[in-house]
Amino acid sequence: MSLSEDIRKFLEKEGVASTGLADISAITPKSGLNSGIVFYIPYSKETIKSIKKAPTDEYLNEYNELNAKLDEIAIKCEEFLIEKGYKAYAQTTTRVGENPEDNNQTFLPHKTIATRGGLGWIGKSALFVTNDYGSAIRLSSVLTNAKLDYGTPINSSLCRMCVVCRNECPGSAISGLEWNSKMSREDFFDYKKM
């Protein structure tokens, strides 16, 4: 069994719904850590259905629970790789800070690794979108120097003509333009209006 298969099985046992493996050599914030491992857990259907016009307490509680679980899984994945002789860095919520010089985006967002690993695309709302769960997920990632079997990158949106998010956005932050990997977030989404 390959290391890539070992990682996927390990993360599946930890409870993740899907795992992507990505070549991040051109964008890595950590020298030498040129592979990204990204994974997600979906929100419960009940929590998502309870949201009408704004996030609920139930949503906030699950948000915090999923972040804590993903942080725990990311640290375990980091340890798994280190035990196998590789360098690894789990991008946990406490380790990943925002870059104030880049409009408060993180240095290497999980969703960027996820698009490069073929798990989904960036929607018109600037959220990461999957075929199976839409944007109702929480992501995490681990950077490593391990050579992995990378997924096929998704470099453009699959939202097509859908503009539901744009029409429902109370702050008019969503332009309706479709994302592609050459765009910056500000080209299609105005985070200051949120």
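Residues numbered from 1 in each chain as written. Predicted model: local features only at pLDDT ≥ 70, side-chain atom pairs only at ≥ 80, totals over all residues. Heavy atoms only, no water.

J.: Hey, could you run me through the overall build of the protein chain in this one?
T.: Helix and strand content of the protein chain: 5 helices and 8 strands. Walking the protein chain from its N terminus toward its C terminus, one meets helices and strands in the order α-β-β-α-α-β-β-β-α-β-β-β-α. Against the globule reference of 16 Å for 194 residues, the protein chain gives a C-alpha radius of gyration of 17 Å, in line with a compact fold. Across its three principal directions, the C-alpha atoms of the protein chain cover 50 × 35 × 30 Å. Split into buried and exposed, the 194 residues of the protein chain put 41% on the buried side. Restricting the contact set of the protein chain to residue pairs at least 6 apart, pairs at least 24 apart contribute 64%. (Helix = DSSP H or I, 4+ residues; strand = E, 2+ residues; numbered from the N terminus. Rg over C-alpha atoms; globule rule 2.2 N^0.38 Å. Buried < 20%, exposed > 50% of the residue type's maximum accessible area, 1.4 Å probe, protein only. Contact = heavy atoms within 4.5 Å.)

J.: Any chance you could explain the packing of aromatic side chains here in plain terms?
T.: By the definition in use, this model includes 4 aromatic pairs. Taken together, a centroid distance of 4.6 Å and an interplanar angle of 20° make the contact between F10 and F80 stacked. Separated by 70 residues along the polypeptide, F10 in helix α1 (residues 3-13) and F80 in helix α3 (residues 57-83) bring together distant segments of the chain. Ring pairing ties together the aromatic residues Y43, Y59 and Y63, which thus form one cluster. (Phe/Tyr/Trp six-rings, centres within 6.5 Å; stacked < 30°, edge-to-face > 60°.)

J.: What's the story with the pairing of strand β8 (residues 137-144) in this structure? I'm lost.
T.: The element β8 is largely enclosed, with a buried count of 7 among its 8 residues. Where strand β2 (residues 35-42) lies against β8, 8 bridges are found, and the strand directions are antiparallel. In the sheet register, V38 faces β8, and the bridge partner there is S141. Pairing analysis gives 3 bridges linking strand β3 (residues 88-90) to β8, with the strands arranged antiparallel. Within β8, the position partnered with A88 by the bridge is T144. (Pairing = 2+ DSSP bridges.)

J.: What am I meant to see in the pattern of salt bridges here?
T.: A pair can form between side chains of opposite charge whenever their charged atoms are brought close. Enumeration over the complete set of coordinates arrives at 4 salt bridges. With a shortest N-O distance of 3.3 Å, E186 and R185 are connected by a salt bridge. For E186, a relative accessible area of 33% gives the class partly exposed. (Salt bridge = Lys/Arg side-chain N within 4 Å of Asp/Glu carboxyl O.)

J.: What is the right way to look at α1 in this model?
T.: An α-helical segment advances 3.6 residues per turn. Residues three or four places apart therefore align on the same side. Where α1 is concerned, the buried positions are L3, S4, I7, F10 and L11. Angular distribution of buried residues about the axis of α1 spans 130°; they occupy a single face of the element. Away from its buried face by more than 90 degrees, α1 exposes E12 and K13. For α1, the secondary structure elements touched by its buried residues are β1 (18-23), β2 and α3. (Arc of directions from axis to C-beta.)

J.: So what exactly am I meant to see when it comes to the environment of D187 here?
T.: Its place among the elements puts D187 in the segment after α5 (164-168). In this structure D187 comes out as partly exposed when scored by relative accessible area, which is 41%. Counting along the chain gives 10 residues from D187 to L177, while the straight-line C-alpha distance between them is 8.1 Å. Those residues in contact with D187 that sit more than four places away from it in its chain are S175 and L177. Here the side chain of D187 touches S184 through a polar contact of 2.9 Å, landing on its backbone nitrogen. (Polar contact = N/O pair within 3.5 Å; in protein donor to acceptor, adjacent residues only side chain to side chain.)

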